[in-house]
Amino acid sequence: MAAKKRTIRTIPRERTPMAEQPAAERARNFREVACGFTLAEALRESERCLLCPDEPCVRGCPVGIDIPGFIAKLGEKDIHGAFDVLSDTTLLPAICGRVCPQETQCEQVCTVGQTLEPVAIGRLERFVGDAAISESWSSVPFIEPAGFKVAIVGSGPAGMACAADMAKAGCQVTVFEAFQQPGGVLRYGIPEFRLPNEVVDAEIAKLVRLGITFRTNVLVGRLFTIEQLLTEMGFDAVFVGVGAGTPTFMDIPGEALARVVSANELLTRVNLMHARDFPSFDTPLGIGKKVAVIGAGNTAMDAMRVSLRLGAEKVMCVYRRSRDEAPARAEELHHAEDEGVQFHWLTNPIAILDDGSRGVGALRCQRMELGEPDASGRRRPVAIADSDFDLDCDTVVVAIGTDANPILGQTSGLALDDRGYLAVDADLATSIDGVFAGGDIVTGAATVIEAMGAGRRAARAMKRYLGLVDSDVPYDDGLGAAPFGLSGSGRDYVRVRAV
Ligand code: FAD
Ligand code: SF4
């Protein structure tokens, strides 16, 4: 009998809640806040999907994941099948399921969302990604060596995605990373309570199983140049995914005082360099008890929530626009509010005041109101005359955005655009033959999924450049034969080189 068609009237009305650590408890520990779905919860939520034939959610996803396809498999309790559908497009479901801003992407255009709360697509993706990690489902395909050497500079989501696709195409891939551990912002920026390191470790382990070599503590542009990779070091192609990690400051008086730090520095010290375990680890932290964080994006939310967990008694968010314009993911903003961060909306810092001993004494601010929309489409904040006031604080964390690190521009012939980011064509090819680039170093600060998508797009172009053509041949030809002497079933593939 055919399954009954779902309609908005027949599906569970309420979005399935996900357990999380209580706010008062989690604000003082680094354990993951959101606990994930159980199987029963995931199955219930999958029933809310209408499996729309026109798939608006797929168009809302920056990499076009077959969302109804993976949810349908999940609904049939075929979790491995759901993982296979996800794996066709995404390398990092357990990560993107946790950190993607779904409310402005796939979930924003979900049909169910027009009447009820949208299907919790991100939570379902995380459920499948976590199952794949705990069951070690990363199938390593048969890889025919292609005879090419590929260098990846930077090990964030863009570099990881490009590395994986090039390794699957048979290339010998080496990833060069400036920090002591791979993962990019996933490791040094996003804190453990949002994205546990063990999830990042599991994704890196998959890449190692594909035969990819990681060389950490290697700052390209200082130890050797991009051009040397292609000449003396014998690489046939290079992908540059170095992110945009150089913090910007406000250029207001007092920014040179002690206890004024960038959010990137604070987060890197805590996440990568174990500053929260000082003095057991060598990195000191240097923040006080009353912390003002300037900005309202994901980085600012992370800096505030980390400060709480480090023992700050008062943590304040200072943002010149209103809550509606805050660029952070909705969930992070809610979590920060629940955990006790004080928000000062429509508040613009104009000076950091000295406490008399070259430390922070207060943050001088002025009140703002919203005027006409600016080029970004958001209403422009306008200062209110004679509205200055001082916020009592002993630490200021600046989280107003980042820029490209200039090192590769200064040490190679790579052309830059007028903002100082790497210039690329539609295929993500740079001005140097054989060098491709993608992720934040091309677009400016964006998202994990967009960086991952760029890495995959660059890999496709790199394969064309090297003359590699992928031909996906299923192991199982349906005749009982085992092509290439291999046996197997399901959705595993052989890669064939056709130069
Ligand atoms: P990155 O992740 O920045 O990785 C670049 C890597 O290159 C780094 O490891 C760096 O050390 C290395 N590198 C740099 N220069 C060199 C060199 N010369 N030689 C060798 N290695 C080099 N996005 C979301 O979707 N959701 C979120 O919730 C979210 N939260 C965020 C929170 C924070 C604190 C930050 C900073 C960003 C957040 N983002 C979020 C944005 C997202 O993480 C980035 O858009 C994404 O990581 C960019 O990926 P990437 O691969 O281009 O660069
Ligand atoms: Fe399911 Fe929503 Fe996508 Fe429709 S739009 S297929 S209901 S997730």
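Each value, and the rule that gives it
Residues numbered from 1 in each chain as written. Chains lettered and ligands numbered in written order. Predicted model: local features only at pLDDT ≥ 70, side-chain atom pairs only at ≥ 80, totals over all residues. Heavy atoms only, no water. Pairing = 2+ DSSP bridges. Helix = DSSP H or I, 4+ residues; strand = E, 2+ residues; numbered from the N terminus. Axes fitted to C-alpha atoms, helices over the stretch in contact; angles between N-to-C directions. Contact = heavy atoms within 4.5 Å. Buried < 20%, exposed > 50% of the residue type's maximum accessible area, 1.4 Å probe, protein only. Salt bridge = Lys/Arg side-chain N within 4 Å of Asp/Glu carboxyl O. Near = heavy atom within 4 Å. Polar contact = N/O pair within 3.5 Å; in protein donor to acceptor, adjacent residues only side chain to side chain. Areas by Shrake-Rupley, 256 points an atom, 1.4 Å probe, with all protein chains shown as cover. Domains from an automatic or database assignment. Buried area = accessible area lost by both parts, 1.4 Å probe.

What about the sheet that holds strand 3 (residues 213-215)?
With respect to topology, five strands assemble into an open sheet ordered 3-2-1-4-16, the strand pairing being parallel. Either end of the sheet is taken by a strand with one partner, and the two such strands are strand 3 and strand 16 (435-437). Looking at each pair of strands side by side, their axes are set apart by 20° on average, direction ignored. Two elements, strand 4 (residues 237-240) and strand 16, share three bridges in a ladder whose sense is parallel. Each bridged residue has a counterpart across the sheet, and for Phe239 the counterpart in strand 16 is Phe436. The strands touched by helix 17 (residues 448-466) within the sheet are strand 1 (149-153), strand 4 and strand 16, with strand 4 carrying the most contacts at an inclination of about 165°.

Describing the environment of Cys171
Structurally, the position occupied by Cys171 is in the loop between helix 8 (157-168) and strand 2 (172-176). Looking at Cys171, the relative accessible area reads 7%, which means it is buried. Distance from Cys171 to Glu144, taken between C-alpha atoms, is 8.8 Å for residues 27 residues apart in sequence.

Digging into the pattern of salt bridges
According to the stated counting rule, one finds 28 salt bridges in the structure shown. When the shortest N-O distance is used, the salt bridge between Arg321 and Asp374 registers 3.2 Å. Here Arg321 is found in the loop between strand 8 (314-318) and helix 14 (330-339), whereas its partner Asp374 is found in the loop between strand 11 (360-373) and strand 12 (379-383), with 53 residues between them in sequence. Residue classification places Arg321 among the buried positions, given a relative accessible area of 3%. You can call Asp374 buried: its relative accessible area is 18%. Glu337 is the salt-bridge partner of Arg323, the closest N and O atoms lying 2.8 Å from each other. With Arg323 in the loop between strand 8 and helix 14 and Glu337 in helix 14, this pair connects stretches of sequence that are 14 residues apart. Classification of Glu337 by relative accessible area gives partly exposed; the value is 27%. Each of Glu20, Arg26, Arg123, Arg194, Asp302, Arg305, Arg309, Arg329, Glu331, Glu332 and Glu339 takes part in a single network of salt bridges with overlapping partners.

Thoughts on the site of ligand 1
Taken together, 35 residues form the shell around ligand 1, and within it Val99, Glu177, Arg194, Val220 and Asp440 come nearest. For ligand 1, an oxygen atom lies 2.9 Å from a polar atom in the backbone of Asp440. When isolated, ligand 1 has an accessible area of 1,000 Å², and the protein chains bury 94% of it. Elements represented by at least two residues in the shell around ligand 1 include exactly helix 8, helix 9 (185-188), helix 13 (298-309) and helix 17.

A closer look at the domain arrangement of the chain
Domain annotation of the chain identifies domain 1 (23-135), domain 2 (149-245 + 404-466) and domain 3 (250-402). Between the C-alpha centres of domain 2 and domain 3 the distance comes to 30 Å. Each partner contributes residues to the interface: domain 2 has 16 residues there, and domain 3 has 14 residues. Where domain 2 abuts domain 3, roughly 1,300 Å² becomes buried across the two surfaces, and 51% of that area is made up of carbon and sulfur atoms. On the domain 2 side of the contact with domain 3, Tyr188, Phe193 and Arg194 bury the most area, a combined 44% of that side's loss.

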